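Residue-level listing of the chains:
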Amino acid sequence: MVLASNTKGSCIDGPPYDLICVGFGPASLSIACALRDQRINARVLFLERQTQFAWHCGMLLPDTRMQITFMKDMATFRDPRSKFTFLNYLHSKDRLVSFSNLGTFYPLREEFNDYLKWCAAHFEDFVSYGEEVLEVSPQPADTKGQVKTWLVASRNAVSGEISTFEAKHVIIAVGGAPKIPAQFPQRLYGTRVIHSSSYSISIPRILPNRDAPYNVAVVGGGQSAVEIFSDIQSRFPNSKTTLFLRQSALKPSDDSPFVNEIFDPDRVDPFFSLPADVRKKQIRDVQTTNYSVVRLELIEHVYNVMYRQKLRDPDQRNWAHRIRSQQEVRAAVERPDGKVELALKGGCEGVLESTTSEGFDLVVFGTGYKRDVHKRLLKGAEGLFMDGECSVDRRYRVKFVEGAVARDAGVWLQGCCEATHGLSDSLLSILAVRGGQMVDSIFGEQIDAQAAKEQIRAQL
């Protein structure tokens, strides 16, 4: 990776970057690690909307642990000798032996976040933070009618200034956008209604008094929603909480060894080769590993809370903490006093409509993410899409009309290809290997030439 003198500014009048990555979360970080390990000689720039590196900072709750092994880090599955492994991070922090004494593969999220920050710190000179990318569009075609570079427009979070960067290759790895399915007045967002992704950041501002008798609703039946439901009870001992579920009960995640193999990197090839309808069915069959499911130990903890309340008072209406199943939240309604009620649809047949009367001080939606931001960013390239839609090949490269884009230019997608590449696409499990594959795909000729030179040198 080569540092350009104008890395932080617009380069529209200078030579194009070899690669621009939109977003600098774990997906792009794994690519940065692979670039450094492979000693790629290229002009690279990462554009990140946040003002500093942060990984799920809204869900770094006290004492919560990773749900996957630390070996699914930024490098180990690609190259366990890399300096960017979690074990090397521990060694550099003088905690390797102490961590081994814990006897676990599952570090605290707080520690894994620190590991990711440690990795990211190696690339400070290649990242422009506080830059929100607005569009990725094709540079007007050359005399042969081919697109050879792309224009990346971004807005600075502080100054509002628009900058334009030019690159041969662009990787879009922006993660998911919070999904809040219910209709509600926009003025409530950030004050009375939030998404789980901003929970731990927003909660001190919205609910500042630890001893206040706050009434909080949590919507969702997955890990994040239930963690928040439990955290509120610990954080605010006088609070009341209600968890709203669409399903009939909380369901445990399946992380048994054979099922977990669906996240193995070598499962991507056979999955990609399947017909679209078969892929869709397979994803449905294994959703209990990742969607709307909860770790068993957390379910057992919540059940114990419910049981203790039942022991002390059999009338659920008097309980401080309740679970309302088979209830779909349709809308949030603001009361004259500023509190919020929820419009519900549910019951065994899913047709009964009702509205709560509790008056919630806060509603937290733990309802997942939409992974379609790339479509908005590539609006200007729609006319080049093969078959008129944004789809990718096995290497995650966007498929354009034959001959429209030069062979040594292109756009790649990360984290939004579940339908074609499997359930692991948006997860940490595959990042190390995929990061290496991305580097090989874009800079393969340079890697091959470099390997040939090293082989000749070794023979001398």
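Please refer to the structure higher up on the page.
Note that the coordinates shown come from a computational prediction; the quantities given were computed from them, not determined experimentally.

Q: Give a description of the overall build of the protein chain that names residues and reports values.
A: In terms of helices and strands, the protein chain carries 13 helices and 17 strands. A globule of 460 residues ought to have a C-alpha radius of gyration of about 23 Å, and the protein chain, at 24 Å, matches this closely. In terms of its C-alpha atoms, the protein chain occupies a principal-axis envelope of roughly 80 × 50 × 45 Å. For the protein chain, the proportion of its 460 residues judged to be buried stands at 48%. In the protein chain, the proportion of contacts linking residues at least 24 apart, taken out of those at least 6 apart, comes to 71%. If you sum the accessible surface of the protein chain, you get close to 22,900 Å²; carbon and sulfur atoms cover 50% of it. Computed over 56 positive and 55 negative side-chain charges, the inter-centroid distance for the protein chain is 2 Å.

Q: An account of the sheet that holds strand 15 (residues 362-365) is requested, with residue identities and associated values reported.
A: Whether parallel or antiparallel, the strands of a sheet pair through hydrogen bonds between backbone atoms. Taken in spatial order, the five strands make up an open sheet running 8-15-9-10-11, and their pairing is parallel. The open sheet has two edge strands with one neighbour each: strand 8 (193-195) and strand 11 (321-324). The average angle at which neighbouring strand axes cross in this sheet is 20 degrees, direction not considered. By the bridge criterion, four bridges tie strand 10 (residues 240-244) to strand 11 in an arrangement that is parallel. Each bridged residue has a counterpart across the sheet, and for threonine 241 the counterpart in strand 11 is histidine 321. The sheet contacts of helix 6 (residues 223-235) involve strand 9 (215-219), strand 10, strand 11 and strand 15, and relative to strand 10 the element is tilted by about 170 degrees.

Q: Describe the packing of aromatic side chains, listing the residues and the values that go with them.
A: Scanning the model with the defined rule gives 20 aromatic pairs in all. The interplanar angle of 55 degrees and the centroid separation of 4.9 Å between the aromatic rings of phenylalanine 24 and phenylalanine 46 together place this pair among those described as tilted. Here phenylalanine 24 is found in the loop between strand 1 (17-22) and helix 1 (26-37), whereas its partner phenylalanine 46 is found in strand 2 (residues 44-48), with 22 residues between them in sequence. Neither phenylalanine 24 nor phenylalanine 46 differs from the other in exposure class; each is buried.

Q: Outline the sheet that holds strand 13 (residues 340-346), listing residues and values.
A: Strand order in the open sheet made by the three strands is 12-13-14, with antiparallel pairing throughout. Of all strands in the sheet, those with a lone pairing partner are strand 12 (327-334) and strand 14 (352-355), marking the two edges. Direction aside, neighbouring strands of the sheet carry axes that sit 20 degrees apart on average. The pairing of strand 13 with strand 14 spans four bridges and is classified as antiparallel. Looking across to strand 14, one finds that glycine 346 is bridged to leucine 352.

Q: A description of the side chain of glutamine 414 should follow, citing residues and the corresponding values.
A: Note on placement: glutamine 414 falls in the loop between strand 17 (410-413) and helix 12 (418-421). Given the relative accessible area of 4%, glutamine 414 is considered buried. At 2.9 Å, the side chain of glutamine 414 and the side chain of arginine 434 are in polar contact.

Q: Got a sec to walk through unusual backbone geometry? Specific residues and values, please.
A: A positive phi angle is found at histidine 56, which is not glycine, with a value near 45 degrees. Judged by relative accessible area, which is 47%, histidine 56 ranks as partly exposed. Non-glycine residue aspartate 63 carries a positive phi angle of around 65 degrees. Inspection of the secondary structure puts aspartate 63 in the loop between strand 2 and helix 2 (86-92).

Cut-offs and rules
Residues numbered from 1 in each chain as written. Predicted model: local features only at pLDDT ≥ 70, side-chain atom pairs only at ≥ 80, totals over all residues. Heavy atoms only, no water. Helix = DSSP H or I, 4+ residues; strand = E, 2+ residues; numbered from the N terminus. Rg over C-alpha atoms; globule rule 2.2 N^0.38 Å. Buried < 20%, exposed > 50% of the residue type's maximum accessible area, 1.4 Å probe, protein only. Contact = heavy atoms within 4.5 Å. Areas by Shrake-Rupley, 256 points an atom, 1.4 Å probe, with all protein chains shown as cover. Lys, Arg positive; Asp, Glu negative; His and termini not counted. Charge placed at Lys NZ, Arg CZ, Asp CG, Glu CD. Pairing = 2+ DSSP bridges. Axes fitted to C-alpha atoms, helices over the stretch in contact; angles between N-to-C directions. Phe/Tyr/Trp six-rings, centres within 6.5 Å; stacked < 30°, edge-to-face > 60°. Polar contact = N/O pair within 3.5 Å; in protein donor to acceptor, adjacent residues only side chain to side chain.

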